[in-house]
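Given next are the chains, with one letter for each unit.
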Amino acid sequence: MKASLIVNKSKKHALETAQRVVSVLTEAGAEVLTCADCPVVGTTVADTADEIIRDCDITVTVGGDGTIIHHAKLAALYGKPLLGINLGRIGFVANIEPDELDELGKLITGEYRIQSRMLLDITVTKNGGEQRYTAVNEAVLHRDTLANMVDYTVEADGERIISYRADGMLFATPTGSTAYSFSAGGPVIEPDMSCILLNPICPHALSTRPVVFGGNTVLYARSYPSAEFNCYLTVDGQNHIPLSSDDIITVRKSPMKLSLIILKEKNFYTLLSEKLKEI
């Protein structure tokens, strides 16, 4: 078995934890691949994360949920299951903690299950062309100033179904329901469900509430910035695309899925309760 190891070196004890991961996996007979900028002894080195994820059987990340989200798109693109080891503050997506590394031997014996997570396909139609992105957590439409609200509309099946003024709005996956959407007052959704969560951010209306759409729904959104400020689309906190009132954002379920490795079974709601106490 080949395992790619992605390490967020900015996390405290990251390299120490990564070296322990390598020791457990190599002693169990696995080959571990790392990037050239990650000095972990006993690994096969390649130049980029793209290379090692493409050439591996499984991917292991050492860091927080952000590390997982950042590399999950490559894992989904190449169809590789991913295991997260949590060194972050919360770690909703990670499955094991640094004191549970003995569980890694199960990767070699196959004593784990795969949990499939839905992703979002985001298309921006702009100036006659298209830009496409994949969201693990969410896609957010927002303005660039603090004191201005924006008009937003959303269509489904050719009809306008939502129109409001707000600071912004976000489209989240079930995985993303415990991220930004949760902070914005959205519902918690079980992670293996198939649905799209639309959550307005500080809407200026009494009746505006989050809406959960079926996984096969295709949504079309537009923002209407004024001359005094700009609007942007931000995908998983990484991609920032400027928007005009002529741009159309299409949100649908991605044909790709993120496969998360579950070594330790943990009740989602118990985990949710435990993690929220750590904030």
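In this report, the structure presented in the accompanying data block is examined.

Reading the values: the criteria
- Residues numbered from 1 in each chain as written.
- Predicted model: local features only at pLDDT ≥ 70, side-chain atom pairs only at ≥ 80, totals over all residues.
- Heavy atoms only, no water.
- Helix = DSSP H or I, 4+ residues; strand = E, 2+ residues; numbered from the N terminus.
- Rg over C-alpha atoms; globule rule 2.2 N^0.38 Å.
- Contact = heavy atoms within 4.5 Å.
- Areas by Shrake-Rupley, 256 points an atom, 1.4 Å probe, with all protein chains shown as cover.
- Lys, Arg positive; Asp, Glu negative; His and termini not counted.
- Charge placed at Lys NZ, Arg CZ, Asp CG, Glu CD.
- Phe/Tyr/Trp six-rings, centres within 6.5 Å; stacked < 30°, edge-to-face > 60°.
- Buried < 20%, exposed > 50% of the residue type's maximum accessible area, 1.4 Å probe, protein only.
- Core = buried A, V, L, I, M, F, W, Y, C linked by side-chain atoms within 4.5 Å.
- Arc of directions from axis to C-beta.
- Polar contact = N/O pair within 3.5 Å; in protein donor to acceptor, adjacent residues only side chain to side chain.
- Salt bridge = Lys/Arg side-chain N within 4 Å of Asp/Glu carboxyl O.
- 1 Å grid on protein atoms, 1.4 Å probe; cavity = no way out; pocket = protein on both sides within 12 Å on 5 of 7 lines; lining within 4 Å.
- Points joined across faces, edges and corners; volume = space filled by probe spheres on them.
- Nonpolar A, V, L, I, M, F, W, Y, C, P; charged D, E, K, R; others polar.
- Pairing = 2+ DSSP bridges.

1. Focus on the overall build of the chain
(1) Moving on: Looking only at helices and strands, one finds six helices and 16 strands in the chain.
(2) Moving on: Its C-alpha radius of gyration of 20 Å places the chain within 12% of the 19 Å reference for a compact globule of 279 residues.
(3) Moving on: Expressed along its principal axes, the backbone C-alpha trace of the chain runs to roughly 60 × 40 × 35 Å.
(4) Moving on: The contacts of the chain with a sequence gap of at least 6 include a subset with a gap of at least 24, amounting to 65%.
(5) Moving on: Only carbon and sulfur atoms are counted for the fraction: they give 49% of the accessible area of the chain, which is about 12900 Å².
(6) Moving on: Distance between charge centroids for the chain: 2 Å, based on 26 positive and 34 negative side chains.

2. Observations regarding the packing of aromatic side chains
(1) Moving on: Under the definition given, this model contains two aromatic pairs.
(2) Moving on: Taking 6.3 Å as the distance between ring centres and 55° as the angle between the ring planes, the aromatic pair formed by Tyr152 and Tyr164 counts as tilted. Residue Tyr152 is located in strand β9 (residues 150-156), and its partner Tyr164 is located in strand β10 (residues 159-172); the two are separated by 12 residues in the primary sequence.
(3) Moving on: For Tyr152, a relative accessible area of 1% translates into the label buried.
(4) Moving on: The class for Tyr164 is buried, based on a relative accessible area of 8%.
(5) Moving on: Taken together, a centroid distance of 5.1 Å and an interplanar angle of 70° make the contact between Phe268 and Tyr269 edge-to-face.

3. Notes on the nonpolar core
(1) Moving on: The biggest cluster of nonpolar side chains holds 30 residues, and the ones touching the most others in it are Ile122, Leu141, Met169, Phe171, Leu233 and Ile249.
(2) Moving on: What Met169 contacts, discounting residues up to four positions off in sequence, is Ala139, Val140, Leu141, Tyr152, Thr153, Val154, Tyr164, Leu198, Asn199, Pro200, Ile201 and Ala221.
(3) Moving on: Among the nonpolar cores identified, the runner-up in size contains 24 residues, and Ala18, Val32, Ile58 and Leu87 belong to it.

4. Details of helix α6 (residues 268-276)
(1) Moving on: Those residues of α6 not exposed but buried are Phe268, Leu271, Leu272 and Lys275. One side of α6 carries all its buried residues, which in axial view fall inside an arc of 105°.
(2) Moving on: On its buried face, α6 sits against β5 (82-86).
(3) Moving on: Of the residues that open α6, the one with a side-chain oxygen 3.0 Å from the backbone nitrogen of Tyr269 is Asn267.

5. So, the pattern of salt bridges
(1) Moving on: As enumerated under the stated definition, the model contains 10 salt bridges in all.
(2) Moving on: For Lys266, the salt bridge goes to Glu100, with nearest N and O atoms at 3.5 Å. You can see Lys266 sitting in the loop between β16 (248-262) and α6 and its partner Glu100 sitting in the loop between β5 and α4 (106-109), a full 166 residues away along the chain.
(3) Moving on: For Arg143, the salt bridge is made with Asp167, and the minimal N-O distance between the two is 3.5 Å.

6. Thoughts on unusual backbone geometry
(1) Moving on: Phi angles above zero are rare outside glycine, and His13 is one such case at about 70°.
(2) Moving on: The backbone phi angle of Asn127 is positive, close to 55°, even though this residue is not glycine.
(3) Moving on: Relative to the assigned elements, Asn127 resides in the loop between β6 (113-126) and β7 (129-135).

7. Some remarks on the layout of surface pockets
(1) Moving on: Taken as a whole, the largest pocket spans an internal volume of roughly 450 Å³.
(2) Moving on: Sorting the residues of the lining of the largest pocket by element identifies α3 (65-77) and α5 (180-183) as the ones contributing at least two each.
(3) Moving on: Tallying contributions element by element places α3 first for the lining of the largest pocket, with three residues.
(4) Moving on: Looking at the lining of the largest pocket residue by residue, the classes come out as eight nonpolar, eight polar and four charged.

8. With respect to the side chain of Ser254
(1) Moving on: Within the secondary structure, Ser254 sits in strand β16.
(2) Moving on: Given the relative accessible area of 5%, Ser254 is considered buried.
(3) Moving on: Among the polar contacts made by the side chain of Ser254, one reaches the main-chain amide nitrogen of Met256 at a distance of 3.0 Å.
(4) Moving on: Those residues within four positions of Ser254 in sequence are excluded, and the remaining contacts are Leu119, Leu120 and Asp121.

9. Examining the pairing of strand β13 (residues 219-224)
(1) Moving on: By the alternation rule, side chains of β13 split into Leu219, Ala221 and Ser223, which are all buried, and Tyr220, Arg222 and Tyr224, of which none is buried.
(2) Moving on: Pairing of β9 with β13, which is carried by six bridges, proceeds in the antiparallel orientation. Bridge pairing links Val154 to Ala221 in β13.
(3) Moving on: Pairing of β13 with β16, which is carried by three bridges, proceeds in the antiparallel orientation. The partner of Tyr220 across the bridge, within β16, is Thr250.

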